[in-house]
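Spelled out from the first residue to the last, the chains are:
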Amino acid sequence: MKQIESIKEFGGWLNRYQHSSESCQCTMTFSVYLPPKAETERVPVVYWLSGLTCTDDNVRTKAGAQRYASELGIALVMPDTSPRGDDVADEPERYDLGKGAGFYINASQAPWAPHYRMYDYVTKELPALIEASLPVIAGLKSITGHSMGGHGALICALKEEGAYRSVSAFSPICHPSICGWGEGCFTAYLGEEKGDWKAYDATELIKAGAAEIPLLIDQGTNDEFLAEQLYPKELQAACEERSFPLTLRMQEGYDHSYHFIASFIGEHLSYHAEALRI
């Protein structure tokens, strides 16, 4: 991988890298924050998955996460949200399909299948690259994210049993099979057979018997997408049916933006740091 940027923050380094991705068959960009502790020893990792229209740049400039990561001694890995490049399929007139909307799944349908394999990228290729190249502890990782990225964090943790020490999400798309964003992307990427969608739907994964891992979700009550896109109550019902460990915090007055994320990111990173203690 090639380092293309390095900025000192809070005693550590915010670095940006590019590499040729085997999963996505294109050049991928990602950012990593390495805390001061990483200069002398290997550190655990928290992966952050961003939402629709985002790149790796949104969270690193808006969330205020690096200050907490520095204090807690954890690395942050912030990948892009989709494959990129001139030969990558796209719907330029739509923000919720194509580039910027990878949905963290492995597409099976043309023309998306060759490049849109963000699930394999996030769960396999990127961690292997990070662990081979940077001062992190192999296998010691947690995952979180926002909106589409919250969906991604939940499904990665639910599908990859034992891979993550902890998982959390801000305003996640909890039941994509029944919301407009999910239906649009899943139809394009996975096809018309809705049974195939369940493999990438957190609510359906819990119903189907996914192994228990405690879920921490923060959701703003003034989120403009809450009623029509996010469906946290459906996820909550599925968890209650199985006595699945869920902490759903409805945060009064907060919206869907990074103002909301910045307000609680410290609590989420502390939650992950506790789970990552060795």
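Computed from a predicted structure; not experimentally measured.

Turning to helix α8 (residues 232-242), its buried residues are P232, L235, A238 and C239. For α8, the buried positions fall inside an angular range of 125 degrees around the axis, keeping them on one side. In this structure, α8 carries E240 and E241 as exposed residues pointing more than 90 degrees from its buried face. Taken together, the buried residues of α8 touch α4 (148-159), α6 (202-207), β8 (215-220), α7 (226-230) and β9 (246-251).

What follows deals with the nonpolar core. If you look at soluble globular proteins, the nonpolar side chains tend to sit buried side by side. Counting 70 residues, the largest nonpolar core has F103, I130, I143 and Y189 as the members making the most contacts within it. Ignoring any residue separated from it by four or fewer positions in sequence, one finds F103 in contact with L52, T81, M148, H151, I173, P176, W181, G182, C185, F186 and Y189. Among the nonpolar cores identified, the runner-up in size contains 21 residues, and A63, A65, I265 and A273 belong to it.

Structurally, the position occupied by F244 is in the loop between α8 and β9. Residue class for F244 comes out buried when judged on its relative accessible area of 5%. Here the alpha-carbon distance between F244 and P214, two residues 30 residues apart in the chain, equals 7.5 Å. Every residue in contact with F244, bar those within four places of it in the chain, is listed here: L158, I206, A210, A211, E212, I213, L215 and C239.

Across all of its chains, the model carries 12 salt bridges by this definition. A salt bridge links K124 to E160, with the shortest nitrogen-to-oxygen separation between them at 3.8 Å. Residue K124 is found in helix α3 (residues 118-133), and its partner E160 is found in the loop between α4 and β7 (167-170); the two are separated by 36 residues along the sequence. Given the relative accessible area of 44%, K124 is considered partly exposed. Accessibility expressed as a relative area gives 22% for E160, which makes it partly exposed. Across the pair R277 and E274 runs a salt bridge whose closest N-O atoms are separated by 3.3 Å. In this structure R277 comes out as exposed when scored by relative accessible area, which is 61%. The exposure class of E274 is partly exposed, given its relative accessible area of 47%.

Quick notes on the rules
- Residues numbered from 1 in each chain as written.
- Predicted model: local features only at pLDDT ≥ 70, side-chain atom pairs only at ≥ 80, totals over all residues.
- Heavy atoms only, no water.
- Buried < 20%, exposed > 50% of the residue type's maximum accessible area, 1.4 Å probe, protein only.
- Helix = DSSP H or I, 4+ residues; strand = E, 2+ residues; numbered from the N terminus.
- Arc of directions from axis to C-beta.
- Contact = heavy atoms within 4.5 Å.
- Core = buried A, V, L, I, M, F, W, Y, C linked by side-chain atoms within 4.5 Å.
- Salt bridge = Lys/Arg side-chain N within 4 Å of Asp/Glu carboxyl O.

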